[in-house]
Amino acid sequence: MIKDFDIPRDDYIELIKWKDSIIDTVLLVEGARQVVKTYLVKKFAKENFKNVIYINMLDESGIKFLDALTATKTNSSDNELISNSLKTVNSSFVDNEDCVVIIDEIQESSLVYNKIRNFNRDMKAKFIVTGSYLGRVINDAKFWESVGDTYDITIRPLTFKEFLRVFNKDAFTMFNSIGLYEDTNRNSHLYLSNLFKLYLVIGGYPAIVKTFIGTQNINNVFAMHKKMLSKFSIESARYLGGDDYSIPIEKSFEYFAIALTKEKKGLKNHNPSRRLSNIDISGKLNFSEKQYTKLFSWLVKSNILYSCSQAIDCDLSNTIDSQRFYFNDVGLLNSLLSNKGIPSSIIKGSLYENYVCNVLEGKGLDLNFATFNNCELDFLLAHNKTSYGIEVKSGKMEGESVKQALRTKRIDKILYLKGDTFGGKTGDTITLPIYLFERFSFEENTFKPSILEGLNILDFFKK
C-alpha cells in the first residue's frame, strides 16, 4: 500500500514561499476534507524547522491549549499567555524563529482563531493554522477576520499531473515532455488520453488514489466517494445548526451534479438557493429560503463546489453570480452521475468541463461562462486585455458558438480543449489536448491600471 509520503504535492512550493517571505504572517491552510492538508504541513514543518508543536482543536491537545488560554492571568501579556499555554501542551515550546506551531481544525474555537493577530504580531515563533470547514469562520459572528495577518493557501485534490507522478512515473515524464502543439506521437497521446480517462473516474483525493493503486479495484472508488460525501454531510450539519441539514446536504450533491448535465445556459430563475429547495421533494424539512441559502453558501465555502458566473452577451462587466457549479474533484462528479441512466456521452462532456474548471481554479483565474443571442460558451476568460472563449470538446468537433463569438468580436481568441487532437495554432485559434491543459500558460497576468499608464512604478522608489 502506498504511504502518504509517496504523494508529493506541488503546493509544497507555496509553503516554502511563505517561509521565505520577508513579511511575517500566519500561514492559513484550508481546503476540503481528505486533501492531506495536515500531512503536508507536518511534513513541511518537520523538514524546515527544528522544533514543531502540533495542536489539534478536536483532541486532547486542543482542549489543554484552550483551557490554558482561558485561565485567569491578570498580569500576563499576550506573548506570555500564549507562550505559557503552548508550554502546557508541549513543554519543548520556545518562542524563537526555529519553532513552528501547527494548530489544526482551528474552526473549532473562535477564541483561538481570534488569536491569529497575536500569533503574528506578538510572537517570534511561526504559526500555521489549518481547517477543513473554515466556512464557519465567515458564517459565525464570533470569529473575527484578521486582515493582513495571514498568508492563505488552499489545498485541492491531486491534479492530473500530480496523479501521474504517483500512478506512473513514465507517464509523468511523458506529460512534461510531449509537445503542446502538433506533436504527432500517436502512441504517447493515446497513452496519456487513456490515463486521463482513468483520472476522471478516480479523481484526485489522495486516499482514494492510494486505495485504487493498492487494490486495483474500481468498485472501491465508487464506495469511497459515497462514504466521503456521507461523512461530509454529517460533519457539515453540525456546523450549520443540526442534523436536519444532513439529508439535504447529501441530496444537494446529486442535484448539482445532474444540473451540470442540464443547465447549459445557467439557472432558469438565477437563484441557486431557490432551485436547491427542489431537493426537499416531500416538503417535510420545511426549510426557509434563508436556510437553503445558508446550505448553498456552505457548500461553496467548504471548497467542495466551485461557483461559476454567467457573463451576459460575453460582457464580463455584466455578470450574474453563481449560475453554474462544478465539483472540486472530477472523480466525485463521476460517481454522482453513475447509475442515473444518463448517456455516457453526456457524462463525459460534464467531466471534461469540470476538469477544465478545476484547472482554471488551480491557476487562480476567474470562473465565468458566457451567453449571447441563443449561444453559449463553456468558459470566458479575460487576461491582459485579451478575452478567450474556451470551448471544451471530448472529441474532434469544433463549436459553432465560439466561432460566432470570434467573428462578431465578442472575444479575441478561441481556446479549444479537445479529447482527440494533437493541438495546434491557427490565427486567433489555439487547440490543445485537454489532458495537457495544466501545462498551458496564459500570458503573464500583469496588473496595469489605466490611470497609471505611461508611469514606471520603480520611479516612485528612486531617491
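Analysis parameters
- Numbering of residues starts from 1 in each chain and follows the order in which that chain's sequence is written.
- Restriction of local features to residues with pLDDT of at least 70 applies here, the model being predicted, together with a cutoff of 80 or more for giving and counting side-chain atom pairs; totals for whole chains, interfaces and linings are based on all residues.
- Side-chain figures throughout are based on the complete set of non-hydrogen atoms in the structure, without hydrogens or water.
- Strands are runs of DSSP state E lasting at least 2 residues, helices are runs of H or I lasting at least 4, and numbering of each runs from the N terminus.
- For the purposes of these results, a polar contact is taken to be a pair of N or O atoms within 3.5 Å, where, inside protein, one atom must be able to donate a hydrogen and its partner to accept one; residues adjacent in sequence count only when each atom of the pair is a side-chain atom.
- Any two residues having at least one pair of non-hydrogen atoms within 4.5 Å are treated as being in contact.
- Buried residues are those whose accessible area, probed at 1.4 Å on protein chains only, stays under 20% of the maximum for their type, while exposed residues exceed 50% and partly exposed ones sit between those limits.
- Directions pointing from the helix axis toward each C-beta atom define the arc.
- Here a cavity denotes a set of grid points, spaced 1 Å apart and computed over the protein atoms alone, in which a 1.4 Å probe fits but from which it cannot get out, and a pocket denotes an open set meeting protein on both sides within 12 Å along at least five of seven lines; residues with an atom within 4 Å of a point are reported as lining.
- Grid points are joined across faces, edges and corners, and a volume is the space filled by probe spheres set on the points.
- We define a salt bridge as a side-chain nitrogen of Lys or Arg found within 4 Å of a carboxyl oxygen belonging to Asp or Glu.
- Two strands qualify as a pair provided DSSP detects at least 2 bridges between them.
- Each axis is a line fitted through C-alpha atoms, and for a helix only the stretch in contact is used; angles between axes span 0 to 180 degrees, taken between their N-to-C directions.
- Working definition: a ring pair exists when centres of Phe, Tyr or Trp rings (six-membered ring for Trp) sit within 6.5 Å. Plane angles under 30 degrees give stacked, over 60 give edge-to-face, the rest tilted.

### Description of the side chain of Thr 261
Then, number 1: Of note, Thr 261 is situated in helix α13 (residues 246-262).
Then, number 2: Among the polar contacts made by the side chain of Thr 261, one reaches the main-chain carbonyl oxygen of Ile 258 at a distance of 2.6 Å.
Then, number 3: Contacts of Thr 261, omitting those with residues within four sequence positions, involve Leu 337, Ile 342, Ile 346 and Ser 350.

### Looking at helix α3 (residues 60-70)
Then, number 1: Buried within α3 are the following residues: Ser 61, Gly 62, Phe 65, Ala 68 and Leu 69. The buried side chains of α3 occupy one side of the element, clustering within an arc of 130 degrees when seen end-on. α3 presents Glu 60 and Ile 63 as exposed residues on the side facing more than 90 degrees away from its buried surface.
Then, number 2: Buried residues along α3 sit against β2 (51-56), α4 (78-89), β3 (99-104), α5 (110-113) and α6 (116-122).

### What to know about the layout of surface pockets
Then, number 1: The volume enclosed by the largest pocket comes to roughly 760 Å³.
Then, number 2: Residue lining of the largest pocket: 30 residues in total, with Asp 10, Asp 11, Thr 159, Gly 362 and Lys 363 positioned closest to the centre.
Then, number 3: Listed by contribution, the elements that provide at least two residues to the lining of the largest pocket are α1 (12-20), β5 (150-154), α8 (160-167) and α17 (344-362).
Then, number 4: Among the elements that line the lining of the largest pocket, the one with the most residues is α17, at four residues.

### Points about the pattern of salt bridges
Then, number 1: According to the stated counting rule, one finds 17 salt bridges in the structure shown.
Then, number 2: A salt bridge links Glu 353 to Arg 324, with the nearest nitrogen and oxygen atoms 3.8 Å apart. Separated by 29 residues along the polypeptide, Glu 353 in helix α17 and Arg 324 in strand β7 (residues 319-327) bring together distant segments of the chain.
Then, number 3: Owing to a relative accessible area of 6%, Glu 353 belongs among the buried residues under this scheme.
Then, number 4: With relative accessibility at 4%, the residue Arg 324 sits in the buried group.
Then, number 5: Between Lys 403 and Glu 400 there is a salt bridge, and its shortest N-O distance comes to 3.9 Å.

### A short note on the sheet that holds β3
Then, number 1: Across the sheet, which stays open at both edges, the five strands sit in the order β2-β3-β4-β1-β5 with parallel pairing between neighbours. Unpaired on one side and paired on the other, β2 and β5 mark the two borders of the sheet. Sheet twist, expressed as the average angle between the axes of neighbouring strands with direction ignored, equals 20 degrees.
Then, number 2: Pairing of β2 with β3 involves six bridges; the strand directions are parallel. Directly across from Tyr 54, in β3, lies its bridge partner Ile 102.

### Describing the environment of Ile 347
Then, number 1: Relative to the assigned elements, Ile 347 resides in helix α17.
Then, number 2: We classify Ile 347 as buried; its relative accessible area is 13%.
Then, number 3: Considered as a pair, Ile 347 and Phe 196 are 151 residues apart in the sequence and their alpha carbons are 15 Å apart.
Then, number 4: Every residue in contact with Ile 347, bar those within four places of it in the chain, is listed here: Asn 334, Leu 337 and Ile 342.

### A few points about the sheet that holds strand β6 (residues 305-312)
Then, number 1: If you walk across this open sheet you meet the four strands as β7-β6-β8-β9, and the pairing is mixed. At either margin of the open sheet sits one strand with a lone partner, and together these are β7 and β9 (375-377). Along the sheet, successive strands turn relative to each other by an average axial angle of 30 degrees, direction set aside.
Then, number 2: Pairing geometry for β6 and β7, over six bridges, is antiparallel. Each bridged residue has a counterpart across the sheet, and for Leu 305 the counterpart in β7 is Phe 327.
Then, number 3: Together, β6 and β7 form the strand contacts of α13, whose direction differs from that of β7 by roughly 105 degrees.

### Description of the environment of Asn 48
Then, number 1: Among the structural elements, Asn 48 can be located in helix α2 (residues 37-48).
Then, number 2: Through-space distance from the C-alpha of Asn 48 to that of Ile 16 is 8.7 Å; in sequence the pair is 32 residues apart.
Then, number 3: Beyond its immediate chain neighbours, meaning those up to four positions away, Asn 48 contacts Tyr 12, Ile 16 and Lys 19.
Then, number 4: At 3.2 Å, the side chain of Asn 48 and the side chain of Tyr 12 are in polar contact.

### Overview of unusual backbone geometry
Then, number 1: With a phi close to 60 degrees, Cys 314 is a non-glycine residue in the positive phi region.
Then, number 2: Looking at the secondary structure, you find Cys 314 in the loop between β6 and β7.
Then, number 3: Residue classification places Cys 314 among the buried residues on the basis of a relative accessible area of 10%.
Then, number 4: At Asn 373, a position not held by glycine, the phi torsion is positive, near 50 degrees.
Then, number 5: Within the fold, Asn 373 resides in the loop between β8 (368-372) and β9.

### Things to note about the packing of aromatic side chains
Then, number 1: If you walk through the whole model with that rule in mind, you get 28 aromatic pairs.
Then, number 2: On the numbers, 5.3 Å between centres and 80 degrees between planes, the contact of Phe 160 with Phe 196 is edge-to-face. You can see Phe 160 sitting in helix α8 and its partner Phe 196 sitting in helix α10 (residues 186-202), a full 36 residues away along the chain.
Then, number 3: For Phe 196, a relative accessible area of 1% corresponds to the buried category.
Then, number 4: With 5.2 Å between their ring centres and 85 degrees between their planes, Phe 296 and Phe 325 make a pair best called edge-to-face.

Nothing here speaks to function; it is geometry throughout.
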